[in-house]
Amino acid sequence: MPHPDIPLPRLIAHRGLSAHAPENTLSAVRAAHAAGVTWVELDVQLLGDGTPVIWHDANIRRCSDGRGRLADLDLAAARRLDAGSWFGDAFLGERMATLGEMLALLDELQMGVNLELKVNRGRDPRALVEAALPPVMEALPPARCLVSSFNDTALAQARALAGPEALALGVLFEAVGRDWRRHCEPVQAYSVHADWRRLKPSRVREVVEAGYRLLCYTANDPAAFAPRWQWGVEAVISDDPARFLGHLPDA
């Protein structure tokens, strides 16, 4: 099947350069770019008013000075949060990034993104796709965008909006089970994304021989990860990609 010709790098920064800046923020993406990383992985979900924002958790407690559910916030309330000082004083006043702000920055820096459609419990996957995907496809060329999710409904809705030649989709797994094709084939997936600690070499061979690109999350120990390069894993998503420099397989 046709897919965008994506120059997928070996190293992708998890939620931006999250080892050195607050995750999923504009600062984390700028830090990744400054470190020479060309792609980032980010999460998108909706505020209660339908605004797409770059955020991972269902609540705001872990990564801001606020409390409560993301779904209960409108944009004005989200703007009042400090989403940086929890990480360090240097990031005091960092604001939650809207999807639009993040796309503008990615375009400015000419970076690629693996954007996860984050469907937390009780949220509508179709509404997320309909709000987030059109601006993503307008802002970034297909070669610099990979949209992924654990949620089959979100992936199906994404595929209904755009064919495989225009939009690469990745299917996220914790463990890639025997029935992995059942999730990938209906949405004409481009890639499989797996927890590196739960990956078996026999399954890697199946995925790669079937023509899918294989990405692993979230690895920060290059020595422990090393055998997986030989199995056929193509890219690693890491909080600190620089750790892998000097530990990559030959091109």
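Bear in mind the structure is a predicted one, so any value in this text is a computation, not a measurement.

Q: What should I look at first to understand unusual backbone geometry in this one?
A: If a residue is not glycine, its phi is most likely negative; likewise, a peptide bond is most likely trans. Positive phi values are uncommon outside glycine, yet Arg-15 reaches one of about 55 degrees. In this fold, Arg-15 is placed in the loop between strand E1 (11-14) and helix H1 (26-34).

Q: Can you walk me through the nonpolar core in this structure?
A: The tendency in soluble globular proteins is for nonpolar side chains to be buried side by side. Core analysis: the largest hydrophobic core is formed by 59 residues, its most contacted members being Val-29, Val-40, Leu-42, Met-102, Leu-106, Val-192 and Phe-225. If one sorts the elements of this core by residue count, helix H3 (residues 99-109) sits on top with 6 residues. Excluding residues within four positions of it along the chain, Phe-225 makes contact with Trp-196, Cys-216, Ala-219, Val-233, Val-236 and Phe-244.

Q: Would you mind showing me how to read the environment of Trp-196 here?
A: As for its position among the elements, Trp-196 is in the loop between strand E7 (191-195) and helix H7 (201-209). Accessibility expressed as a relative area gives 11% for Trp-196, which makes it buried. With near-sequence residues (within four places) excluded, Trp-196 lies in contact with Cys-216, Tyr-217, Thr-218, Ala-219, Ala-224, Phe-225 and Arg-228.

Q: How should the packing of aromatic side chains be read in this particular structure?
A: A ring pair, where both rings are aromatic, is described by two values, the distance of the centres and the angle of the planes. The full count for this structure, using the stated rule, is 7 aromatic pairs. A centroid spacing of 6.4 Å and a plane angle of 90 degrees characterise the contact between Phe-150 and Tyr-217, whose relative ring orientation is edge-to-face. Residue Phe-150 is located in the loop between strand E5 (145-149) and helix H5 (152-161), and its partner Tyr-217 is located in strand E8 (residues 213-217); the two are separated by 67 residues in the primary sequence. On the accessibility criterion, Phe-150 (39% relative accessible area) is partly exposed. Judged by its relative accessible area of 16%, Tyr-217 falls in the buried class. Both rings, one in Phe-225 and one in Phe-244, keep their centres 6.0 Å apart while their planes meet at 85 degrees; by these two values the pair is edge-to-face. A residue pair is termed long-range when its members are at least 10 positions apart, and Phe-225 in helix H8 (residues 222-225) and Phe-244 in the segment after strand E9 (235-238) qualify at 19 residues. Residue classification places Phe-225 among the buried residues on the basis of a relative accessible area of 0%. Phe-244 gets classed as buried once you look at its relative accessible area, which sits at 0%. Taken together, Trp-196, Phe-225, Trp-229 and Phe-244 form an aromatic cluster joined through their ring pairs.

Analysis parameters
- Residues numbered from 1 in each chain as written.
- Predicted model: local features only at pLDDT ≥ 70, side-chain atom pairs only at ≥ 80, totals over all residues.
- Heavy atoms only, no water.
- Helix = DSSP H or I, 4+ residues; strand = E, 2+ residues; numbered from the N terminus.
- Core = buried A, V, L, I, M, F, W, Y, C linked by side-chain atoms within 4.5 Å.
- Buried < 20%, exposed > 50% of the residue type's maximum accessible area, 1.4 Å probe, protein only.
- Contact = heavy atoms within 4.5 Å.
- Phe/Tyr/Trp six-rings, centres within 6.5 Å; stacked < 30°, edge-to-face > 60°.

What is shown is where atoms sit, not what they do.
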